[in-house]
Structure formats: C-alpha cells, structure tokens
Amino acid sequence: PTTYNITWVVAETEEEATEEYEEGTMPESPIELGYTFKDEKYIYTFIGWDKEVVPATEDATYTAVFDKVPVKYTNSKNDLNSKYYAKLLKNACFE
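Everything numeric in this text was worked out from a predicted model, so none of it was measured.

**Topic: the overall build of the protein chain**
Step number 1: When you go through the protein chain residue by residue, the secondary structure sums to 1 helix and 5 strands.
Step number 2: Seen in sequence order, the protein chain has helices and strands lined up from the N terminus as β-β-β-β-β-α.
Step number 3: Considering the protein chain as a whole, with its 95 residues, one finds that 25% of them fall into the buried category.
Step number 4: Excluding contacts between residues fewer than 6 apart, the proportion of contacts in the protein chain whose partners are at least 24 apart in sequence is 39%.
Step number 5: Here the protein chain has roughly 7200 Å² of accessible surface; of this, 50% comes from carbon and sulfur atoms.

Set out below in structure tokens:
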C-alpha cells in the first residue's frame, strides 16, 4: 500500500513528529483540543491546526495553533505565579 508522511509541528515548543499513514487514512492529531501548557510569560491553549486535517493522499505538514494569553500575577498567597514573582523580586532586591 502507498504511504505518506504526515508531520505535526509545534513551533512554541520546537517539537516536530512525523508519522506514516496509508493512503486514504485519516491522520490522528497527537494533541487534543483544549490542551494547555504555560511558561513564565504565557498560557497556551491548543485550538487546532493551521489547515484542515484530511485523509492522507500526499505528504503533508500541519502546524499547531495556540491561543496565547499573558500570565497574570496576583497577590494571592495560594497563587503559584505570585510565589514565582515574589521569588524573582526577592532575588533582585536582596542580592
């Protein structure tokens, strides 16, 4: 059977994966809608791919699209972001 390479790209994490699919087979997204991760500056939520995922009829590349929201720091004692920010301030002020 004829197979095609389907490449999944996540630019935000510099990750890429290529899988082989038989002709006519629907590629399966390696990321679920709503998947969320964050770094020090942003919270990223996966909202889909840059184009519609279609059955394999040729080599194709799909790039993940994320909604990116700035991390907000608060004064809540239970907020991990506040603790991170407080640690940065402490280090900056008491060195």
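Here the narrative resumes.
**Some details on the nonpolar core**
Step number 1: If you look at the biggest cluster of nonpolar residues, it comprises 16 residues, and the most contacted ones within it are I6, W8, W49, Y62, A64 and F66.
Step number 2: Where this core is concerned, the elements lending two or more residues are strand 1 (3-10), strand 4 (42-49) and strand 5 (60-70).
Step number 3: Beyond its immediate stretch of four places on either side in the chain, W8 contacts E15, E16, A17, E19, Y21, P27, E28, S29, P30, W49, V53 and Y62.

**So, the sheet that holds strand 3 (residues 36-38)**
Step number 1: If you walk across this open sheet you meet the 5 strands as 2-1-5-4-3, and the pairing is mixed. The open sheet has two free edges, formed respectively by strand 2 (15-22) and strand 3, since each of these has just one partner strand. The average undirected angle you get between the axes of adjacent strands in this sheet is 25 degrees.
Step number 2: Across 8 bridges, strand 1 lies against strand 2 in antiparallel orientation. Of the residues in strand 2, the one forming a bridge with T7 is T18.

**Quick look at the side chain of T7**
Step number 1: Mapped onto the elements of the fold, T7 is located in strand 1.
Step number 2: At a separation of 3.0 Å, a polar atom in the side chain of T7 contacts the side chain of T18.
Step number 3: Excluding its chain neighbours within four sequence positions, the residues that come into contact with T7 are E16, A17, T18, A60, T61 and Y62.

**Looking at the environment of E32**
Step number 1: Tracing the backbone shows E32 in the loop between strand 2 and strand 3.
Step number 2: In this structure the C-alpha to C-alpha distance between E32 and F46, which are 14 residues apart in sequence, comes to 7.5 Å.

**Re the environment of P1**
Step number 1: Relative to the assigned elements, P1 resides in the segment before strand 1.
Step number 2: Classification of P1 by relative accessible area gives exposed; the value is 88%.
Step number 3: Spatially, the C-alpha atom of P1 lies 9.9 Å from that of Y21, the residues being 20 residues apart in sequence.

Cut-offs applied
Going along each chain's sequence as written, the residues are numbered from 1 onward. Side-chain atom pairs in this predicted model are given and counted only at pLDDT of 80 or more, local residue features only at pLDDT of at least 70, and totals for whole chains, interfaces and linings cover all residues. As a rule here, side-chain values cover all heavy atoms of the structure and leave hydrogens and water aside. Under the scheme used here, helices are H or I runs from DSSP no shorter than 4 residues and strands are E runs no shorter than 2 residues, and both carry numbers assigned from the N terminus. We call a residue buried when its accessible area falls under 20% of the maximum for its residue type, exposed when it is over 50%, and partly exposed in between, using a 1.4 Å probe and counting protein chains only. In what follows, a contact means two residues having at least one pair of non-hydrogen atoms within 4.5 Å. Exposure was quantified through the Shrake-Rupley algorithm and a 1.4 Å probe, taking into account, for residues, occlusion by the shown protein chains and nothing else. In this description, a nonpolar core means a group of buried Ala, Val, Leu, Ile, Met, Phe, Trp, Tyr and Cys residues linked to one another through side-chain atoms lying within 4.5 Å. A pair of strands is considered paired only if DSSP assigns at least 2 bridges between the two. Only the stretch in contact is used when fitting a helix axis, every axis being a line fitted to C-alpha atoms; angles between N-to-C directions are given from 0 to 180 degrees. The definition of a polar contact used here is a pair of N or O atoms within 3.5 Å, where within protein one atom must be able to donate a hydrogen and the other to accept one, and adjacent residues in sequence count solely through side-chain atom pairs.

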